[in-house]
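Architecture and fold: a report
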Amino acid sequence: MSIDQSASSPTLETTRRTANYHSSIWDNSFIVSNSPNDEKILVHKDQNLEYLKEEVKRELIAVASNSSEQLKFIDVVQWLGVAYHFEKEIKEALGNTFDDYHDIDEINDDLYDVAL
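Below, the structure is looked at part by part. (Residues numbered from 1 in each chain as written. Predicted model: local features only at pLDDT ≥ 70, side-chain atom pairs only at ≥ 80, totals over all residues. Heavy atoms only, no water.)

1. Topic: helix 3 (residues 67-80)
- Spanning 14 residues, helix 3 covers 20 Å between terminal C-alpha atoms, matching the ideal 20 Å at 1.5 Å per step.
- Those residues of helix 3 that fall on the buried side of the exposure criterion are Ser 68, Gln 70, Leu 71, Ile 74 and Val 77.
- Between the side-chain oxygen at the start of helix 3 and the backbone nitrogen of Ser 68 there is a gap of 3.2 Å, and the oxygen is on Asn 66.
- Of the residues flanking the end of helix 3, it is Gly 81, one or two places downstream, whose phi is positive at about 85°. (Helix = DSSP H or I, 4+ residues; strand = E, 2+ residues; numbered from the N terminus. Expected span 1.5 Å × (residues − 1). Buried < 20%, exposed > 50% of the residue type's maximum accessible area, 1.4 Å probe, protein only. Polar contact = N/O pair within 3.5 Å; in protein donor to acceptor, adjacent residues only side chain to side chain.)

2. Quick notes on the packing of helix 2 (residues 36-62) against helix 3
- Two elements in contact, helix 2 and helix 3, have axes separated by 9 Å at closest approach and are oriented at 155°. By the angle between their directions, the pair helix 2 and helix 3 is classed as roughly antiparallel. By crossing handedness, the relation of helix 2 to helix 3 is classed as left-handed. Facing helix 2, whose interface residues are Val 56, Glu 59 and Leu 60, helix 3 presents Gln 70, Phe 73, Ile 74 and Val 77.
- Of the residues belonging to the contact of helix 2 with helix 3, the class tally is five nonpolar, one polar and one charged. (Axes fitted to C-alpha atoms, helices over the stretch in contact; angles between N-to-C directions. Parallel < 35°, antiparallel > 145°, perpendicular 65-115°, else oblique. Left-handed = near helix turned anticlockwise from the far one by under 90°. Contact = heavy atoms within 4.5 Å. Nonpolar A, V, L, I, M, F, W, Y, C, P; charged D, E, K, R; others polar.)

3. Quick notes on the nonpolar core
- If you look at the biggest cluster of nonpolar residues, it comprises seven residues: Leu 60, Ile 74, Val 77, Ala 83, Phe 86, Ile 90 and Ala 93.
- When residues of this core are traced back to their parent elements, those giving at least two are helix 3 and helix 4 (87-103).
- Leu 60 has contacts with Gln 70, Phe 73, Ile 74, Glu 89 and Ile 90, leaving out every residue within four places of it along the chain. (Core = buried A, V, L, I, M, F, W, Y, C linked by side-chain atoms within 4.5 Å.)

Here it is as structure tokens:
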């Protein structure tokens, strides 16, 4: 006693809607290509980066005489998110500030400086 399933149930046709997406705004002009001009720009940017790193290192040394200013400068460098470039210099500056803090007779009790 076999039952023919095609006869007993109607066939349901599933209709699927199309999305009708718009064409992409990204065309081939956004694909990065390495041209000789790009290499020159990259070298220039690398040189500029190294110059700016040296400038920050010089500024860190220049404010070394004033521990409060040095701590504020280190705070700004960390806040900007570039402190990883200057880990050695910051560690050295903080070590010097800590050593000098115990030798100073007149301690600046500014809460902001103490918090840093």
